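Chains, contacts and geometry: an overview
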Amino acid sequence: FISLLLLALSLSGWAQEDFPEKPNPPRLVNDFSETLSANEVSQLESKLVAYSDSTSSQVSIVLINSVGPYDISDYAFQLGDKWGIGRKDKDNGVLILAAMKDRKVFIATGYGMEGAIPDALARRIVDQLIVPNFRAENYYAGLDKATDMIFKLASGEYEAEKLSSS
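Notes on the structure follow. (Residues numbered from 1 in each chain as written. Predicted model: local features only at pLDDT ≥ 70, side-chain atom pairs only at ≥ 80, totals over all residues. Heavy atoms only, no water.)

**Some remarks on the packing of aromatic side chains**
We apply this condition: Two rings belonging to Phe, Tyr or Trp (six-membered ring only in the last case) form a pair when the distance between their centres is within 6.5 Å. Interplanar angles under 30 degrees mark stacking, angles over 60 mark edge-to-face geometry, and anything in between is tilted. A helix here means a DSSP run of H or I that spans at least four residues, while a strand means a run of E at least two residues long, and both kinds are numbered starting from the N terminus. Each residue is placed in one exposure class: buried if its accessible area under a 1.4 Å probe, protein chains only, is under 20% of its type's maximum, exposed if it is over 50%, and partly exposed if it falls in between.
Per the counting criterion, the structure on display carries seven aromatic pairs. Judged by centre distance (5.2 Å) and plane angle (65°), the rings of Phe 19 and Tyr 70 are edge-to-face. Of this pair, Phe 19 sits in the loop between helix H1 (2–17) and strand S1 (29–31) while Tyr 70 sits in the loop between strand S2 (58–64) and helix H3 (72–83), and the two are 51 residues apart along the sequence. An identical accessibility class is assigned to Phe 19 and Tyr 70; each is buried. For the ring pair Tyr 51 and Phe 151, a centre distance of 3.9 Å and an interplane angle of 10° mean the geometry is stacked. In this pair, Tyr 51 sits in helix H2 (residues 38–54) while Phe 151 sits in helix H5 (residues 139–155), placing the two residues 100 residues apart along the sequence. For the pair Tyr 51 and Phe 151, one class covers both residues: buried. Taken together through their ring pairs, the aromatic side chains of Phe 19, Tyr 70 and Tyr 75 make up a single cluster.

Spelled out as structure tokens, the structure:
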């Protein structure tokens, strides 16, 4: 019984360490994998802050090394919840999560954004905009294009059918 209890305690402790602490002061771009240059982080941060300030929605980018034993989608939704991305009353946050060593990317949308960016569209943004750029080691370009498309979809400027032609 004691060994089972110790195992449970060690696993719960490990689970806590799997998720980075919310940055203080808060930032919308968090590169824990050190993939982007300081200038690239700054450019994306400025862009996302301007979007957040001009709308009620919030887009955040997190780059980590690995999601460990988690499925990337589960990790992304848990991290979004832990950090409180988007407005709590509207649940209108979007998290772009990239696990660089795992070579996995996922876009998690809050319920308030699912009408504009359903899971199928989020998947297409990953497959068509982020992954091709990441494969070419153009990490900034992939994230920049993905956020542009998210902004367009969220504002109703783009329709789902047109995404495949971009």
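**A word on the nonpolar core**
Let me state the cut-off plainly: In this description, a nonpolar core means a group of buried Ala, Val, Leu, Ile, Met, Phe, Trp, Tyr and Cys residues linked to one another through side-chain atoms lying within 4.5 Å. Whether two residues are in contact is decided by their heavy atoms: any pair within 4.5 Å suffices.
Counting 30 residues, the largest nonpolar core has Ile 96 and Ile 107 as the members making the most contacts within it. Sorting the residues of this core by element identifies H2, S2, strand S3 (93–99), strand S4 (104–109), helix H4 (119–135) and H5 as the ones contributing at least two each. Ranked by residues supplied to this core, first place goes to H4 with seven residues. Leave out the neighbours within four places in its chain, and Ile 96 touches Val 59, Ser 60, Ile 61, Val 62, Phe 106, Ile 107, Ile 130, Leu 143, Ala 146, Thr 147 and Ile 150. Listed in part, the 16 residues of the second largest apolar core include Val 62, Ile 64, Ala 76 and Leu 97.

**Re the pattern of salt bridges**
Condition: Counted as salt bridges are all cases of a side-chain nitrogen of Lys or Arg within 4 Å of a carboxyl oxygen of Asp or Glu.
One pass over the structure, following the stated rule, counts three salt bridges. Residues Asp 144 and Lys 47 are paired through a salt bridge, measuring 2.6 Å at the closest nitrogen-oxygen approach. Highlighted residues: Asp 144 in helix H5 and Lys 47 in helix H2, separated in sequence by 97 residues. The class of Lys 47 is buried, set by a relative accessible area of 18%. One salt-bridge network, in which partners are shared between bridges, spans Lys 47, Asp 144 and Asp 148.

**With respect to the environment of Asn 30**
Looking at where Asn 30 falls in the secondary structure, it is placed in strand S1. Taking relative accessible area as the criterion, Asn 30 reaches 1% and is therefore assigned buried. When the C-alpha atoms of Asn 30 and Ser 60 are compared, they prove to be 8.1 Å apart, with 30 residues separating the residues in sequence. Here Asn 30 is in contact with Pro 23, Ser 60, Ile 61, Val 62, Leu 63 and Trp 83, once residues within four sequence places are set aside.

**Overview of unusual backbone geometry**
With omega at 5°, the peptide bond leading from Asn 24 into Pro 25 counts as cis. Relative to the assigned elements, Pro 25 resides in the loop between H1 and S1. Despite not being glycine, Glu 34 has its phi angle at roughly 55°, a positive value. Following the sequence through the fold, Glu 34 ends up in the loop between S1 and H2. With a phi close to 60°, Glu 137 is a non-glycine residue in the positive phi region. Within the element layout of this structure, Glu 137 appears in the loop between H4 and H5.

**Concerning the environment of Thr 109**
By secondary structure assignment, the location of Thr 109 is in strand S4. Taking relative accessible area as the criterion, Thr 109 reaches 3% and is therefore assigned buried. Each C-alpha atom of the pair Thr 109 and Asp 119 lies 7.8 Å from the other, and the pair is 10 residues apart in sequence. Beyond its immediate chain neighbours, meaning those up to four positions away, Thr 109 contacts Phe 77, Gly 93, Val 94, Glu 114, Ile 117 and Asp 119.

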